[in-house]
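These are the residues of each chain, in order.
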Amino acid sequence: MANFRRFRPDDLNKLSKCNLDPLTETYELGFYLQYHAKWPALFQVAEDQHGNIIGYIMGKLESSPDVYQFSEHYLPWHAHITAVTVAPEARRLGIGKLLTEHLEAAADANNAWFVDLFVRRTNLKAIAFYENMGYSIFRVVKDYYGDHSSDPTQTNEDAYDMRKPMKRDVKMEHIRDDGEKHEVDPADVW
């Protein structure tokens, strides 16, 4: 059984079981600490009975800067999942789902319009996971990733910007059915 709690700075040395997955983005230490300082309630870990970190989620609440308010790419107040990962030996136990549901509850509590995330176009298991949780593709971000997870001859990989509407979005204004037809450049994403 997993124990869920807020991330603590001393957890940084315990994330390797989760971060060794080639589809998990790994960041500089300062990046993790920035999330801990700014959005501590949205940085959760799951640990096993021995205190090993077997999953975590990093998220934030944000909107685009006001200067972009009239841009077609403007993002209103929303929650963003920066990273969610579960160690291979702890997968298929519902840990990722529970971590994601916690972040979604925080998004609703903070009156966010939606939760969004970026996922590699080739990460079919993650895409299916998010679709089963109610997320849909909002747009394709061309060449978002500076490497390719499955083809070493390619230098970039597209991302799906996936979204799930929150309670505030009663009219479903911030999702679309044909997201795969909407392509943007990374510069259009904040």
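Residues numbered from 1 in each chain as written. Predicted model: local features only at pLDDT ≥ 70, side-chain atom pairs only at ≥ 80, totals over all residues. Heavy atoms only, no water.

### So, unusual backbone geometry
Note the cut-off: Strands are runs of DSSP state E lasting at least two residues, helices are runs of H or I lasting at least four, and both sets are numbered from the N terminus onward. Accessible area is worked out with a 1.4 Å probe on protein chains only. A residue is then buried under 20% of its type maximum, exposed over 50%, and partly exposed in between.
Non-glycine residue R92 carries a positive phi angle of around 65 degrees. Mapped onto the secondary structure, R92 falls in the loop between β4 (78-86) and α3 (95-109). A relative accessible area of 85% places R92 in the exposed class. In the Ramachandran plot, M172 falls in the positive-phi region, its phi being about 55 degrees despite a non-glycine side chain. Here M172 is to be found in the loop between β7 (157-165) and β8 (183-184).

### Focus: helix α4 (residues 124-132)
The periodicity of an α-helix, 3.6 residues per turn, causes residues three or four positions apart to be oriented the same way. To be explicit about the condition: This arc is taken over the directions from the axis of the helix to the C-beta atoms.
Restricting attention to buried positions, one finds in α4 the residues A126, I127 and Y130. Taken around the axis of α4, the buried residues stretch over an arc of 100 degrees, which confines them to a single face. Within α4, the exposed residues directed more than 90 degrees away from the buried face are L124, K125 and N132. Immediately beyond the C-terminal end of α4, within one or two residues, lies G134, with a positive phi of roughly 100 degrees.

### Looking at the nonpolar core
If you look at soluble globular proteins, the nonpolar side chains tend to sit buried side by side. To keep things clear, this is the line we draw: Definition used in this section: a nonpolar core is a set of buried Ala, Val, Leu, Ile, Met, Phe, Trp, Tyr and Cys residues joined via side-chain atoms within 4.5 Å. Delimitation of the domains relies on an automatic or database domain assignment. Pairs of residues are marked as contacts when any of their non-hydrogen atoms sit within 4.5 Å.
Core analysis: the biggest nonpolar cluster contains 44 residues, and Y56, I81, I95, V115, Y135 and M162 have the highest contact counts within it. Considering every element that reaches this core, the biggest residue donor is strand β3 (residues 53-62), with six residues. Composition of this core by domain shows at least three residues from each of domain 1 (1-104) and domain 2 (123-190). Those residues in contact with M162 that sit more than four places away from it in its chain are V115, D116, L117, V119, I127, Y130, E131, Y135, S136, I137 and F138.

### Some remarks on the domain arrangement of the chain
What counts here: For any pair of parts, buried area is found by adding up, for both, the accessible area (1.4 Å probe) each one loses once the two are put together. Should a side-chain nitrogen of Lys or Arg be within 4 Å of a carboxyl oxygen of Asp or Glu, the pair is scored as a salt bridge.
Taken domain by domain, the chain comprises domain 1 (1-104) and domain 2 (123-190). Look at where the C-alpha atoms of domain 1 and domain 2 centre, and you get two points 18 Å apart. Tallying the contact residues gives 18 residues for domain 1 and 16 residues for domain 2. For the pairing of domain 1 and domain 2, the buried interface totals around 1400 Å² over both sides, and the portion due to carbon and sulfur atoms is 64%. The interface formed by domain 1 and domain 2 includes one salt bridge.

### Some points on the pattern of salt bridges
Think of it this way: side chains of opposite charge can pair up when their charged atoms draw near. Following the criterion strictly, the structure yields ten salt bridges and no others. The shortest N-O distance in the salt bridge between E101 and K97 comes to 3.8 Å. With a gap of four residues between them, E101 and K97 both fall in helix α3, about one helical turn apart. Judged by its relative accessible area of 33%, E101 falls in the partly exposed class. The exposure class of K97 is partly exposed, given its relative accessible area of 42%. Salt bridges sharing partners connect three or more residues here, namely R5, D11 and E47.

### Quick notes on the side chain of D11
Following the sequence through the fold, D11 ends up in the loop between β1 (3-6) and α1 (16-19). D11 gets classed as buried once you look at its relative accessible area, which sits at 0%. Setting aside chain neighbours within four positions, we find D11 in contact with R5, R6, V45 and I53.

### Describing the side chain of H78
Within the secondary structure, H78 is located in strand β4. Aside from chain neighbours lying at most four places away, what touches H78 is K60, L61, E62, S63, A112, W113, F114 and D116.

### Side note on the pairing of β7
Our working rule: Here, strands pair whenever DSSP counts at least two bridges between them.
Where burial is concerned, most of β7 is hidden: nine out of the nine residues are buried. Side chains of β7 alternate between two faces, with E157, A159, D161, R163 and P165 and D158, Y160, M162 and K164 buried alike. Pairing between strand β5 (residues 114-120) and β7: seven bridges, direction antiparallel. Among the inter-strand pairings, D116 is bridged to a residue of β7, identified as R163. Bridge count for strand β6 (residues 136-145) against β7 is six bridges, and the pairing is antiparallel. Residue pairing for β7: V141 is matched across the bridge by A159.

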